[in-house]
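Take a look at the letters that make up each chain.
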Amino acid sequence: MDDDLQIDSDEDLFRNPVYYEPAGRNLDLDRPDLGVPQGQDLLNVLLRMRGRVPIEKRGLICPDCRDLRGRRVSMYLVQRDGVWLASHYRKPGEKPISHESDEHLARKERVAKDSEDHGFHAEIESQTADGHARLDVRISGANGIVLGYEPQLSAQSARGMRAREGFRRRGGIQSVWDFADPDHAGIGAVPYVRTPNLPASVIRVQKNPIAVQDGNFVLEEGECSQNGTLTRCPEKPYDPENPTDAGYCGGWHRVLVPAHQSSTFTGEGRLTLTQFIVEAAAGERIPFQRGGHHGWLPARQWQQYLEANGPHSDDKERQSSVRQGDRRDRCTEDRPASEVRVEPKQRRGSRAIVLESRPRETAAAKVPVDAQGQAIPLCRFGCGQPASLPGPEGLPEHFSCRSKHEA
């Protein structure tokens, strides 16, 4: 009865949620009882149905297809590297089930069209050469640059985002992850931009600009004072309860700071997503990694960054992650993260990355001298002031200080 089953490849296997109709709940495939009361033998029951009970009658369905599209799509269980996964049932020749929202599709279509209009070939849904990752939009840039545009509108773990980015990086892809949530766990964990959360109807109109709100950094350096170059001290903790608070340490800093938080930002002529993608494909914007934080720099500022700090150890290629670990964290696009995997959100403030700091330089104290250029000693009674006349004991003192001392 499973002969008409289209088996998914490893690339199509995701950590999909699966709903078991007889129990009226989602199954947790990581637990021996599948998260069902007294369900220790449920997995064996489901496996014994293979070849005996049609897939449509086994009671496993996709809760997303049911809730989002009003469709009852049957699912089946498959094991990979000791991990149980649920996959959608489809007949040979049918395309994989897509969970992409209309906003997600609109972003892919818009970036592909804009790239083509600027002379860069773009392909939607393209696999990397090693087959380990599928790019939402593959853009063939200048001088061999291959850009992967990845809109990410659902909540995902930072660990999962880093694993997915690792597959793309090892495939020679420069990824641009596009987030709409300012508190998304992937911000900074992967090369990213942040854009407004717009409806699909607005995104699809090419004349509508889509602003880049974060992810585009600039290099700044200067005095950390109210009249200095920096808008706030990058080493002072950000207080979300008092976002306008500006504190200064009086020292000197060289920092990478988001363009919208820089001292030169005026709000006019803001960078758009189209401009960013085209410039990244042309090699005019460079991804960086510093202290575990990712972002993008204009090519000119990237050169300044290298001249001032040189390549950093964090910029070196990391060791490959384990394939099994990645598969367990991946899921289809634009679905809320499983309650089992969801991570608590952390409110983020300034994303300034400190490259170098120096403390306030204190001027050397001037030593008072007499007419012959000799240093005048300090008063013996500890007032801290120079005393040019000696007292009865021959030590420097002030008459007023002696009077207080003898009183």
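Parameters at a glance
Residues numbered from 1 in each chain as written. Predicted model: local features only at pLDDT ≥ 70, side-chain atom pairs only at ≥ 80, totals over all residues. Heavy atoms only, no water. Helix = DSSP H or I, 4+ residues; strand = E, 2+ residues; numbered from the N terminus. Buried < 20%, exposed > 50% of the residue type's maximum accessible area, 1.4 Å probe, protein only. Contact = heavy atoms within 4.5 Å. Areas by Shrake-Rupley, 256 points an atom, 1.4 Å probe, with all protein chains shown as cover. Phe/Tyr/Trp six-rings, centres within 6.5 Å; stacked < 30°, edge-to-face > 60°. Lys NZ or Arg CZ within 6 Å of the ring centre and 35° of its normal. Salt bridge = Lys/Arg side-chain N within 4 Å of Asp/Glu carboxyl O. pLDDT = per-residue confidence, 0-100. Pairing = 2+ DSSP bridges. Right-handed = clockwise from strand over helix to strand, strands pointing away. Axes fitted to C-alpha atoms, helices over the stretch in contact; angles between N-to-C directions. Polar contact = N/O pair within 3.5 Å; in protein donor to acceptor, adjacent residues only side chain to side chain.

(A) Quick peek at the overall build of the protein. Per the secondary structure count, the protein includes 9 helices and 15 strands. When burial is assessed residue by residue, the protein has 44% of its 407 residues classed as buried. Looking at the protein alone, contacts between residues at least 24 apart form 60% of all its contacts between residues at least 6 apart. Carbon and sulfur atoms form 49% of the exposed surface of the protein, whose accessible area is close to 21400 Å².

(B) Main features of the packing of aromatic side chains. Scanning all chains against the criterion turns up 4 aromatic pairs. Pairing Phe217 with Phe288 gives two aromatic rings, centres 5.3 Å apart and planes at 85 degrees, and the pair type is edge-to-face. Here Phe288 lies in strand 13 (residues 285-290) and Phe217 lies in strand 11 (residues 217-223), a separation of 71 residues in the sequence. The pair Phe217 / Phe288 is uniform in exposure class, with both members buried. Of note, Arg170 hangs over the ring of Phe167, and the distance from its end group to the ring centre comes to 5.4 Å. The ring of Trp252 carries the charged tip of Arg358 above its face, separated from the ring centre by 3.9 Å.

(C) Spotlight on the pattern of salt bridges. Applying the stated criterion to the full structure yields 17 salt bridges. The salt bridge partner of Glu397 is Arg380, with a shortest N-O separation of 3.4 Å. Of the two residues, Glu397 is situated in the loop between strand 15 (353-358) and helix 9 (399-406) and Arg380 in the loop between strand 15 and helix 9; the sequence distance between them amounts to 17 residues. Since its relative accessible area comes to 10%, Glu397 is described here as buried. Looking at Arg380, the relative accessible area reads 37%, which means it is partly exposed. When the shortest N-O distance is used, the salt bridge between Glu393 and Arg402 registers 2.6 Å. By sharing partners, the salt bridges in this structure join Arg380, Glu393, Glu397, Arg402 and Glu406 into a single network.

(D) Molecular detail of the confidence of the model for the protein. Taken residue by residue, the protein gives an average pLDDT of 80. The fraction at 70 or more is 80%. Highest mean pLDDT in the protein belongs to helix 6 (residues 273-281) (96); lowest belongs to helix 8 (residues 323-329) (39). Counting contacts from residues 313-349, a segment whose pLDDT is below 50, to residues more than four positions away or on other chains yields 95 contacts.

(E) Structural detail: the pairing of strand 8 (residues 146-152). Among the 7 residues in strand 8, 7 count as buried, and that is most of the element. Neither face of strand 8 is left uncovered, since the one carrying Val146, Gly148, Glu150 and Gln152 and the one carrying Leu147, Tyr149 and Pro151 both have all their residues buried. The pairing of strand 7 (residues 134-140) with strand 8 spans 4 bridges and is antiparallel. What sits directly across from Arg138, in strand 8, is Gly148. Where strand 7 folds back on strand 8, the antiparallel hairpin that results is connected by 5 residues, among which Asn143 adopts a positive phi of roughly 55 degrees. Pairing analysis gives 6 bridges linking strand 8 to strand 9 (residues 174-179), with the strands arranged parallel. For Glu150, the partnering residue across the bridge sits in strand 9 and is Trp177. One crossover worth recording links strand 8 to the parallel strand 9 by way of helix 4 (residues 158-170), and it is right-handed.

(F) Layout of the sheet that holds strand 6 (residues 122-127). Taken in spatial order, the 5 strands of this open sheet run 6-7-8-9-10, and their pairing is mixed. Since the sheet does not close on itself, it has two edges, and those belong to strand 6 and strand 10 (192-194), each with one partner. The mean angle between the axes of side-by-side strands here comes to 30 degrees, regardless of whether they run parallel or antiparallel. In the packing of helix 3 (residues 102-117) onto the sheet, contacts are made with strand 6, strand 7, strand 8 and strand 9, and the angle to strand 6 comes to roughly 125 degrees. Packed on one face of the sheet, helix 4 meets strand 7, strand 8 and strand 9 and runs near 150 degrees to strand 9.

(G) How the structure looks around the side chain of Arg110. Following the sequence through the fold, Arg110 ends up in helix 3. Looking at Arg110, the relative accessible area reads 5%, which means it is buried. A polar atom in the side chain of Arg110 sits 2.9 Å from the backbone oxygen of Gln206. Separated by 2.6 Å, the side chain of Arg110 and the backbone oxygen of Asn208 make a polar contact. Among residues more than four places away in sequence, those in contact with Arg110 are Val202, Ile203, Val205, Gln206, Asn208, Pro209, Ile210 and Thr274.

(H) Representation of the sheet that holds strand 3 (residues 60-61) within the structure. Ordered in space as 2-1-3, the 3 strands form an open sheet in which the pairing is antiparallel. Looking along the sheet, the strands with just one partner apiece sit at the ends: strand 2 (25-26) and strand 3. Pairing of strand 1 (residues 19-20) with strand 3, which is carried by 2 bridges, proceeds in the antiparallel orientation. If you follow Tyr20 over to strand 3, its bridge partner there is Leu60.

(I) Layout of the environment of Phe288. Classification of Phe288 by relative accessible area gives buried; the value is 2%. Distance from Phe288 to Trp302, taken between C-alpha atoms, is 8.3 Å for residues 14 residues apart in sequence.

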